[in-house]
Each structure stands twice: as C-alpha cells, then as structure tokens.
Amino acid sequence: MKKIAIIGAGPGGLAAGMVLSKKGYDIHIYEKDQRVGGRSQRITIGDYQFDLGPTCLMYIDILRDVFKFAGYELEKELEVIRLDHLYTLMFNDVTFNMSKDPIDNANMYERYSKGMGESYLNWLNAQETKLNAIESILKRPFPNVSNYLRKDVLKAIPELRPAQSVYSHLSKFNRNSNFINSLSFQSKYLGMSSFDAPSVFTILPYLEHALGLYHVKGGLNQINEKMAELIERNGGTIHLSAPVEKIVVENKNAKGLVVSGQFFPFDEVIVNADFSYAMTNLIEEKHLRKHKPHKLEKMKYSISTFMIYLGLDKKFDFAHHEIIFSKNYEAYLNGLAKGEYSDDLSIYLHNPSLMDDSYAPKNHSSLYLLVPVPNLRTPKDWERDKDQLYSQAIDLVERKHGINIRNHITTSKVITPQDWESTYNVKYGAVFNLAHNLGQMLAFRPQNKYKDINHLYLVGGGTHPGSGLPTIYQSAIILNEYL
Ligand SMILES: Cc1cc2nc3c(=O)[nH]c(=O)nc-3n(C[C@H](O)[C@H](O)[C@H](O)COP(=O)(O)OP(=O)(O)OC[C@H]3O[C@@H](n4cnc5c(N)ncnc54)[C@H](O)[C@@H]3O)c2cc1C
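## Observations concerning the overall build of the protein chain
- The helix and strand tally for the protein chain stands at 16 helices and 20 strands.
- Relative to a compact globule of 483 residues, whose C-alpha radius of gyration would be 23 Å, the protein chain shows 22 Å and is just as compact.
- Each principal axis of the C-alpha atoms in the protein chain carries an extent, and together these give about 65 × 55 × 45 Å.
- Buried positions account for 60% of the 483 residues belonging to the protein chain.
- Sequence-distant contacts, at least 24 apart, represent 71% of the contacts inside the protein chain between residues at least 6 apart.
- With the model as given, the accessible surface of the protein chain reaches about 19000 Å², and the carbon-plus-sulfur share is 49%.

## A look at the packing of helix α1 (residues 11–20) against helix α10 (residues 221–233)
- Between α1 and α10, the least distance of the axes is 9 Å, while the angle of their chain directions is 35°. Crossing hand, α1 versus α10: left-handed. Facing Pro11, Leu14, Ala15, Gly17 and Met18 of α1, the residues of α10 in contact are Asn224, Met227, Ala228, Leu230 and Ile231.
- The class makeup of the residues in the contact of α1 with α10 is eight nonpolar, two polar and no charged.

## Some details on the site of the ligand
- Near the ligand there are 39 residues, and of these Glu31, Arg39, Ser40, Gly461 and Leu469 occur at the shortest range.
- In the environment of the ligand, a nitrogen atom lies 2.9 Å from a nitrogen or oxygen atom belonging to the backbone of Val244.
- The side chain of Tyr277 places a nitrogen or oxygen atom 3.1 Å from a nitrogen atom of the ligand.
- Within the complex, the protein chains bury 97% of what would otherwise be the 990 Å² of accessible surface of the ligand.
- If you list the elements that add at least two residues to the shell around the ligand, you get α1, β15 (304–312), β18 (365–373) and α16 (469–479).
- For the shell around the ligand, the element with the most residues is α16, which contributes three residues.
- Of the residues belonging to the shell around the ligand, the class tally is 21 nonpolar, 14 polar and four charged.
- Mapped onto the domain boundaries, the shell around the ligand takes at least three residues apiece from domain 1 (3–38 + 220–299 + 435–479) and domain 3 (303–422).

## Focus: a nonpolar patch on the surface
- On the surface, Leu149, Leu154 and Ile157 cluster together into a nonpolar patch covering about 290 Å² of accessible area.
- Within the secondary structure layout, Leu154 lies in helix α6 (residues 151–160).
- Accessibility expressed as a relative area gives 45% for Leu154, which makes it partly exposed.

## What to know about the pattern of salt bridges
- For the coordinates displayed, the defined rule picks out 22 salt bridges.
- For Arg233, the salt bridge is made with Glu229, and the minimal N-O distance between the two is 2.7 Å. Here Glu229 and Arg233 lie together in helix α10, a separation of four residues that amounts to about one turn.
- Arg233 gets classed as partly exposed once you look at its relative accessible area, which sits at 49%.
- Glu229 gets classed as partly exposed once you look at its relative accessible area, which sits at 36%.

## Considering the sheet that holds strand β20 (residues 456–458)
- As summarised here, the arrangement of the five strands in space is β10-β2-β1-β14-β20, forming an open sheet in which the pairing is parallel. Two strands close off the open sheet at either side, each with one partner strand: β10 (237–239) and β20. Each strand of the sheet is rotated relative to its neighbour by a mean of 20°, with strand direction disregarded.

## A short note on unusual backbone geometry
- Residue Pro465 is reached from His464 by a cis peptide bond, and omega for that bond is 0°.
- Mapped onto the elements of the fold, Pro465 is located in the loop between β20 and α16.
- One non-glycine residue, Ser241, lies in the positive phi region at around 50°.
- Here Ser241 lies in the loop between β10 and β11 (244–250).
- Judged by its relative accessible area of 46%, Ser241 falls in the partly exposed class.
- Residues other than glycine seldom take positive phi values, yet Lys252 does so here, at roughly 65°.

## Here we look at the pairing of strand β9 (residues 213–216)
- Neither face of β9 is exposed, since Leu213 and His215 on one face and Tyr214 and Val216 on the opposite face are all buried.
- Pairing between strand β5 (residues 57–58) and β9: two bridges, direction antiparallel. The residue bridging Met58 from the neighbouring strand is Leu213, located in β9.
- In terms of strand pairing, strand β6 (residues 80–82) meets β9 through three bridges, oriented antiparallel. Across the sheet, residue Arg82 finds its bridge partner in β9, namely Tyr214.

## Considerations on the domain arrangement of the protein chain
- Split by domain assignment, the protein chain resolves into domain 1 (3–38 + 220–299 + 435–479), domain 2 (103–208) and domain 3 (303–422).
- Centre-to-centre, using C-alpha coordinates, domain 2 lies 27 Å away from domain 3.
- Taken together, the contact pairs ten residues of domain 2 with twelve residues of domain 3.
- For the domain 2 and domain 3 pair, buried surface summed over both sides reaches about 900 Å², with 66% attributable to carbon and sulfur atoms.
- Among the residues domain 2 hides against domain 3, the three largest losses belong to Asn181, Lys188 and Phe195. Together they make up 53% of the total.
- For the pair domain 2 and domain 3, the interface holds zero salt bridges.
- Along the lines of polarity and charge, the residues of the side of domain 2 that touches domain 3 split into three nonpolar, five polar and two charged.

## Re the nonpolar core
- In terms of nonpolar packing, the biggest core is built from 113 residues, with Leu57, Phe67, Ile223, Tyr309 and Tyr473 touching the most fellow members.
- Counting residues per element, this core draws most heavily on helix α5 (residues 116–138), which supplies eight residues.
- Once residues within four sequence positions are removed from consideration, Ile223 is found in contact with Leu57, Leu63, Phe67, Leu78, Val216 and Tyr473.
- Counting 55 residues, the second largest nonpolar core, distinct from the first, contains Val259, Tyr301, Tyr390 and Leu396.

Reading guide: rules and limits
- Residues numbered from 1 in each chain as written.
- Predicted model: local features only at pLDDT ≥ 70, side-chain atom pairs only at ≥ 80, totals over all residues.
- Heavy atoms only, no water.
- Helix = DSSP H or I, 4+ residues; strand = E, 2+ residues; numbered from the N terminus.
- Rg over C-alpha atoms; globule rule 2.2 N^0.38 Å.
- Buried < 20%, exposed > 50% of the residue type's maximum accessible area, 1.4 Å probe, protein only.
- Contact = heavy atoms within 4.5 Å.
- Areas by Shrake-Rupley, 256 points an atom, 1.4 Å probe, with all protein chains shown as cover.
- Axes fitted to C-alpha atoms, helices over the stretch in contact; angles between N-to-C directions.
- Left-handed = near helix turned anticlockwise from the far one by under 90°.
- Nonpolar A, V, L, I, M, F, W, Y, C, P; charged D, E, K, R; others polar.
- Near = heavy atom within 4 Å.
- Polar contact = N/O pair within 3.5 Å; in protein donor to acceptor, adjacent residues only side chain to side chain.
- Domains from an automatic or database assignment.
- Patch = residues over 30% accessible without salt bridge, like charges linked within 9 Å, V, L, I, M, F, W, Y side chains within 5 Å.
- Salt bridge = Lys/Arg side-chain N within 4 Å of Asp/Glu carboxyl O.
- Pairing = 2+ DSSP bridges.
- Buried area = accessible area lost by both parts, 1.4 Å probe.
- Core = buried A, V, L, I, M, F, W, Y, C linked by side-chain atoms within 4.5 Å.

What follows is the structure, given as structure tokens:
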C-alpha cells in the first residue's frame, strides 16, 4: 500500500487527507501542535472558546466536495448555518447592514443614495458572468505559462480585466467611496488592499452576496476537528505534537520525513505547512531551484493581523460579523500596502455568542477583534507596543458603540505578527500567505505538484489557487488529479 505523509493538519492538510482517504493509501498526517486546525484551530481561554483565525465561510460547495471525496455529507456531519444578516459595516457617516437577500441590499443602497441600488444590481450581474468565466481556471492545476493559452483562459481574460484593481473596477459601477468600500473590503481576506488586489477578486463579495456566508455551530474550527475524525475513521493516522524537522530528498525525489530525529520513509510527501516557512526550514537549500531562501525573500507577502480575544461576562449586541472602518479608509489601505502603521484603525469584530451558545458560559460571550497590520517586514517591537494597540482597539469599539467593554472583560489574549511567525510557523507573520498579485497567481504561484522535486506536493494558502478557505480546500481537491 502506497504510504503518503502530510505535513500539517491545517485546513489544507486535513482536506488533502479527506480527498485521498478513500483511495487505498496509508495516510499519515504529522502536526506539530497538540491539536488540529493550524491558523483555523479552536483556542480555549478559561471558560471561553474562540476561532483562532477564519470566521467567514463562503463558496461552501467546495467544502461539500471535500466531504464527498471522503464518503460523507457535510450537512450530516456538522451543523451549518447560512447567515441571514451578512455583516454590519460601520463607516464614518453611515452604517450598512448587509442581508443575504440582494433585493434588501439594493433597497438599502438606494435609500442611502439615489441610483446606488441599480449600481449594486448591475455589479451583481457582472460578477455572475465573471465567476462563470473563471471558475474552471481556479478549480484546475495551472502548471505552466502555456496554460494561459488554454481555451477557457483566453475566454476568461476579458472578464479578468488584468489592468484594473478591485477598487477601480468597482468605481466603474458607482464612484461613492462607501459603496466601493462595502464591496471591496473583502480584499483583506487575501491580506491585500483593494487598490492592489486584481479586479478578479470582486468575486469574493459576490460569493457572499449571491451564494451565502456560513457559520458552523461551534465555529469554523469544528470543520477541522470533524475532518480529523473522519480521516481516522477512514483509516488514516494523525500524529499530534509531531513537528517535522526535515523532508529528505535524494536525486530530486522526496523520500520521507525526519520527525524527532527519526527517518520515516514515504512514497509521496504533501506539505501543508506555510509554503515559505517549509521551503526555508524543511528542505535543504541544495535541493531547491526556484524557491531558495533568497528568492523567497524577493516575493510579495500579505499583511498580518493583530488579534484580541476577549472573554466577557455579558453579551453585547454587535452583529455576528462587524467592521468598523477607519475615518480615512483609503489612506489607511494605502499605508498598509506600503507597510505603514496608522492610528486611524480599522477593526473586524466577531461576536458569535449571540447566535451560538457553545462559545461561552451562559449570559457571557466570546468576542474577537482583528486589526489588520503590516507583516514583519516592517520592523516593530511587538512586545513593547502590543499593550498600546490593544487599548487603541478597545477604545475605538467603545467609542463607536458608546459602551464600556473593559468592565466586562474576564479574560483576554493577544496574538501579534511576531506570534504568528514564531508559534504558528508563518513566514513574516503574513497570515494570508504570498500576496495575490498577478505575478504570484495561477502559473506563477507554487503549484500543487511541486515541479523541482518529484513525489512532493503542496496544499494550503501559499499555493495554487490561493489563500482563503475555499481555495485552500480546492488545492487539496486538485491533488486528486495526481494521486
Ligand atoms: C486571523 C485570521 C483570519 C482569517 N480569516 C479567514 C476567513 O474568515 N475566511 C477564510 O476563508 N480564510 C481566513 N483566513 C485565512 C486562511 O483560511 C487560514 O489562515 C487557514 O488556516 C490557512 O490554512 P492552511 O492549511 O494553508 O495553513 P495553516 O492553517 O497554517 O496549517 C498549516 C499547519 O501546518 C502545521 N505545521 C507547520 N510547521 C510544521 C512542521 N514543521 N511539522 C508539522 N506541522 C507543521 C501548523 O501547525 C498548521 O497546523 C484567516 C487567517 C487568519 C490568520
């Protein structure tokens, strides 16, 4: 029986385990942490539970496919809830409440500004055409530049509008900055500013508006816990607290792994650990060609995040997903893209306890604050500065809502970009991985079958087709074409 090793039990590694688990392989997943999930794991602080990272799940059909490969049905294994209220967006002068119903949204825009409802519906229609054009490209391997000449790619190019950014594309529908920002903040899911993200990524808000935004009872972390359970039920083995020290390569062939000083031979090796971390730390430089450490340093990386997890002795009436936008959001985005810090913060809040009582004790709540910040390429002494940013973030939420949160904090935890790098093995703390500029997408992004070393495969946010849960799951599905 063919032996397959997977390095990392993040969403990418677990999805790979699911996709391959019914194909008669002997699958071993090695995870350095004590629990599965990676950046998407569940964290427990006192009596409170949190999603460490992802909270927004969209394009759920891809996850359904992952479960089908393993012989299961997503909705029978997990309680999946489509949100009626997508999110609350708090701008300086107006708050938008986004619904799962596009007509409600069109009416809301129209009330705000005459003609904006029609702009929104025009935009929505255009995205449907775009998604149809690019879906097949994102769902297949893209191993060579010659793939740009494929029929489906050539057909899609007019829809991709490579010269436009997300921001400039949206401005063609309506020039109002609140309109644009309400449909472009999703570029941050890629760790990019909407001024830099290629216009193809306006499909992100479309996926939320047209196909839905989902919550899973217990948090998105539960997807990982469930996948681990099902992989083991299908005969796979998950080794926890098992950091891989090295991928052994001989004559351009991956031969196995070194774990705790011991060599384990494998026929195929799949890497889910952060791509740039793995290339730098797990493979000897002499075996690399395109991704030697000095070349990785020249690549573009996403922003990072400063995280605050609060256990509160009260439930607050925030939306499940809420964003407080900076006063000058455009300046903030431009600064972030250049690696600059700003005091004019933008904050994302996740307040799951109103709809899901599994996060916190009765009448208490778990609240998560995410502040986008530059990655570690911009030097900062996080140990020194983290208390200040913590206070600034909480001040802003209190001011914006006219409430006191501090008196209700029973426990808290902070994660800085430095922690993302040192504890979670994410290079530069760039949690959304390699940036998604055109020079690092499709044929130019690390491919799922690694070209320079045989029997080596890649899954996860740093690989084709991209960062974000749906594309990470898709990277695992693509492996089905090779293994
Ligand atoms: C704060 C935050 C919010 C996010 N929000 C969203 C969101 O709302 N929606 C969305 O779609 N995406 C979101 N993302 C992006 C993305 O979905 C997650 O980062 C996702 O967890 C990435 O999955 P992955 O499998 O690529 O990597 P990881 O989750 O990092 O998994 C890699 C695994 O490899 C393990 N590992 C590393 N080194 C070794 C080693 N040497 N030996 C063994 N194991 C090793 C790690 O411990 C980890 O378990 C968010 C990310 C963050 C950080």
